[in-house]
Structures are given as C-alpha cells and as structure tokens.
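Analysis of the macromolecular model
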Amino acid sequence: MSIVIAVPSHPIFEPLLTNAEDVCKSIGARLLRGTEQECSAWLARHVADVALVTPLGYARESLKTDLRIVPVSALTLDALTYTGSIYLHKNSFAANASEVRCASPAKEDFLMMMGAAVLSEKFDLELTVEKEQRSVSELLRAGYDAVLDYGFDSAEEVALDISDEWSDYFGELLPVAVWACRSEEVPETIGEILSAFRNPDEPTARDIEEVEHHGTTARRIGVVSTAWNDEVEEALQRTIELLFYWQFIPSVAATKLWMRDVLERL
C-alpha cells in the first residue's frame, strides 16, 4: 500500500503506536518517525499522507489546507498523569510573583507550551520561556523561577502536574495528539489501519495514582486515554479556541472529521 504515516518519536505517544511498525510492514506502508513539529510539517508538505499531530499542529495546518481528523483514537490526559511537570523555585517565585522566568529542554513541544500557558493564565503571570538542555535541578539552581519538562522528578520540592493544572483550571481533559489526514490521499481502510496501531490487549484508559511526595499525598487519580469520543472532540475544539485566544493561531480552526458516518460503524 503506497501510504506514508508520520508519527512523533517521543515516548508519550507510544500508547497509540505499539504495533505501528508491524502493521506498516504488513501492508507495505512507510512509517516516518520524527519530532511533533516534523510530523506536522511532513503532512503540510505532502511528504506524509496521515500524521499523528498535536492540537496546535492540526490547527495551524488545517487553516492552510483541508485536513480531516481520523476519529479512531487520540491521546488525552485527564487530571494528574505525571506526563509533564512544572517545577517552581519557591524563593525566586515568591520574590517575583508577577513576572516569571522559565526554562524548558522542550520549549517548542505542545505539552510544554500548554504548561506555560496554563501557569500564566491560572496565576496571572507574565512568562518568558527559554530553551535550556540542563537538568531541572541545574536550571533551578541557575536562577530560573520555573522549569517545564516531561515526566515527574520526585526529588524536586515544588512541582505542579501540567495536566492536573489544566483540568483544575479548565474543567476538562487535555488533548495531546490526534490523527490527521487529507481525505483524498488516504484509503478507506485508514481507520482500521490506525486502530490496529494500538495494542488491543491494553485498555483505552489507564488510571494514574498519585505517589507520595515529600511525605504527603492527596490520593488523586488521573487518566491517560487513547479513546476517541464526543468528550474528546469537544475538548479538542475548546483547546483550539484557547490556542486562538493565546494567539498561537490567527483564527479558530474547525474540528472536521474524516468519514464520520463510516467510522461510527467500525
């Protein structure tokens, strides 16, 4: 099958891609792995026919060309998931509460951008985010007020969970990745192909239990999900509206679905 599928190489996307290599080999498709920014660019330049993209990647490119979301799966975070964290330097943060200097090794990545946005929005802060490759502890010692990074480092004293802050402030889940394509360039079986990328033995929703941090825990539970449903579609549209509000995109992109009626019968 002459089709090219682009997927991000970062580990957070793996729940959607467990069988991707095997499926592509079995059907003769080409699988491209790169950064989330490269996946969006490959789709935009017709290098890829379908790509796993962030809401920002979808919104930016769908304003330029006619893209469709393949509504078979998505990566979403609900409440505390330890997928990404905001670490605060308590002394400098308290001393300069209206303007915060941040650093992140992955400044351009969607989850880091949303972490900075919700921190700014929730606490009414002006943020300057710089790209730095040093460790969290090194950056905090270097004088940064906040550091955004993937995962969770329990050694740091003050840490906010990005998806938990998002859910607390906006009252809904955070979409991180969706499948996007050009409808005229993919086969009618694309929904089945992308669905087969997931491990069928794994549940679509995985509960994440809060761990004890410096002797305390509120016993919160979050969810990492790979399901697509009406709640995900609504959260995606709301996220795109926020991206417009924060001026990441020049206008609000519509969440157009590929062959909605056909896929509802799969």
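Structural data are supplied above this passage.
Residues numbered from 1 in each chain as written. Predicted model: local features only at pLDDT ≥ 70, side-chain atom pairs only at ≥ 80, totals over all residues. Heavy atoms only, no water.

Right, let's talk about a negative patch on the surface for a bit. Residues Asp78, Asp230, Glu231 and Glu234 make up a contiguous surface patch of negative charge. If one sorts the elements of the negative patch by residue count, helix H9 (residues 230-245) sits on top with 3 residues. The exposure class of Glu234 is exposed, given its relative accessible area of 55%. (Patch = residues over 30% accessible without salt bridge, like charges linked within 9 Å, V, L, I, M, F, W, Y side chains within 5 Å. Areas by Shrake-Rupley, 256 points an atom, 1.4 Å probe, with all protein chains shown as cover. Salt bridge = Lys/Arg side-chain N within 4 Å of Asp/Glu carboxyl O. Lys, Arg positive; Asp, Glu negative; His and termini not counted. Charge placed at Lys NZ, Arg CZ, Asp CG, Glu CD. Helix = DSSP H or I, 4+ residues; strand = E, 2+ residues; numbered from the N terminus. Buried < 20%, exposed > 50% of the residue type's maximum accessible area, 1.4 Å probe, protein only.)

This paragraph deals with the packing of aromatic side chains. As enumerated under the stated definition, the model contains 6 aromatic pairs in all. Aromatic side chains Tyr82 and Phe152 sit 4.8 Å apart centroid to centroid with 40° between the ring planes, which places their arrangement in the tilted category. Within this pair, whereas Tyr82 is found in the loop between strand S4 (68-78) and strand S5 (84-88), its partner Phe152 is found in the loop between strand S8 (146-150) and strand S9 (159-161), the two being separated by 70 residues in sequence. Judged by centre distance (5.7 Å) and plane angle (70°), the ring pair of Trp179 and Phe197 falls under edge-to-face. Taken as a pair, Trp179 in strand S10 (residues 174-181) and Phe197 in helix H8 (residues 190-197) lie far apart in primary sequence, 18 residues in all. (Phe/Tyr/Trp six-rings, centres within 6.5 Å; stacked < 30°, edge-to-face > 60°.)

A word on the sheet that holds strand S1 (residues 4-8). Within a sheet, neighbouring strands are paired by backbone hydrogen bonds and run either parallel or antiparallel to one another. The mixed open sheet is built from 7 strands, whose spatial order is S2-S1-S3-S10-S4-S12-S11. Looking at the sheet topology across the chains shown, the edges are occupied by strand S2 (30-34) and strand S11 (205-209). Recorded for the sheet is a direction-independent mean angle of 20° between the axes of neighbouring strands. Inspection of the sheet shows S4 paired to S10 by 6 bridges, in the antiparallel sense. Across the sheet, residue Ala74 finds its bridge partner in S10, namely Val178. (Pairing = 2+ DSSP bridges. Axes fitted to C-alpha atoms, helices over the stretch in contact; angles between N-to-C directions.)

Here the focus is the pattern of salt bridges. Tallied over the entire structure, the rule returns 11 salt bridges. Residue Arg33 pairs with Glu21 through a salt bridge whose shortest N-O separation is 3.3 Å. Here Arg33, found in strand S2, pairs with Glu21, found in helix H1 (residues 20-27); they are 12 residues apart in sequence, far enough to count as distant. Given a relative accessible area of 38%, Glu21 falls into the partly exposed group. One network of salt bridges, with partners in common, ties together Glu14, Glu21 and Arg33.

Once that is clear, we can look at the side chain of Asp109. For Asp109, the position within the fold is in the loop between strand S6 (99-104) and helix H5 (110-123). At 7.1 Å, Lys131 is the nearest oppositely charged side chain to Asp109, a buried residue that forms no salt bridge. Discounting residues that sit within four places of it in the chain, Asp109 has contacts with Glu36, Gln37 and Tyr150. (Contact = heavy atoms within 4.5 Å.)

Moving on, we come to H1. Buried within H1 are the following residues: Ala20, Val23 and Cys24. The buried residues of H1 occupy an angular sector of 95° when projected down its axis, which confines them to one face. Across from the buried face of H1, at angles greater than 90 degrees, the exposed residues are Asp22, Lys25 and Ser26. On its buried face, H1 is in contact with S1, S2 and H8. Gly28 lies just past H1 and shows a positive phi near 75°. (Arc of directions from axis to C-beta.)

A word on the packing of helix H3 (residues 55-62) against H9. As a packed pair, H3 and H9 sit with axes 10 Å apart at the nearest point and diverge in direction by 70°. Considering the angle they form, H3 stands roughly perpendicular to H9. Contacts from Pro55, Leu56, Tyr58 and Ala59 in H3 reach Leu236, Thr239, Ile240 and Leu243 in H9. Here the contact of H3 with H9 is composed, by residue class, of 7 nonpolar, 1 polar and no charged. (Parallel < 35°, antiparallel > 145°, perpendicular 65-115°, else oblique. Nonpolar A, V, L, I, M, F, W, Y, C, P; charged D, E, K, R; others polar.)

Applying the stated criterion to the full structure yields 0 disulfides. Among the cysteines around Cys24, which has no disulfide bond, Cys39 carries the closest sulfur, lying 12 Å off. Owing to a relative accessible area of 3%, Cys24 belongs among the buried residues under this scheme. (Disulfide = S-S within 2.5 Å.)

Any functional reading would require information beyond the geometric quantities listed.
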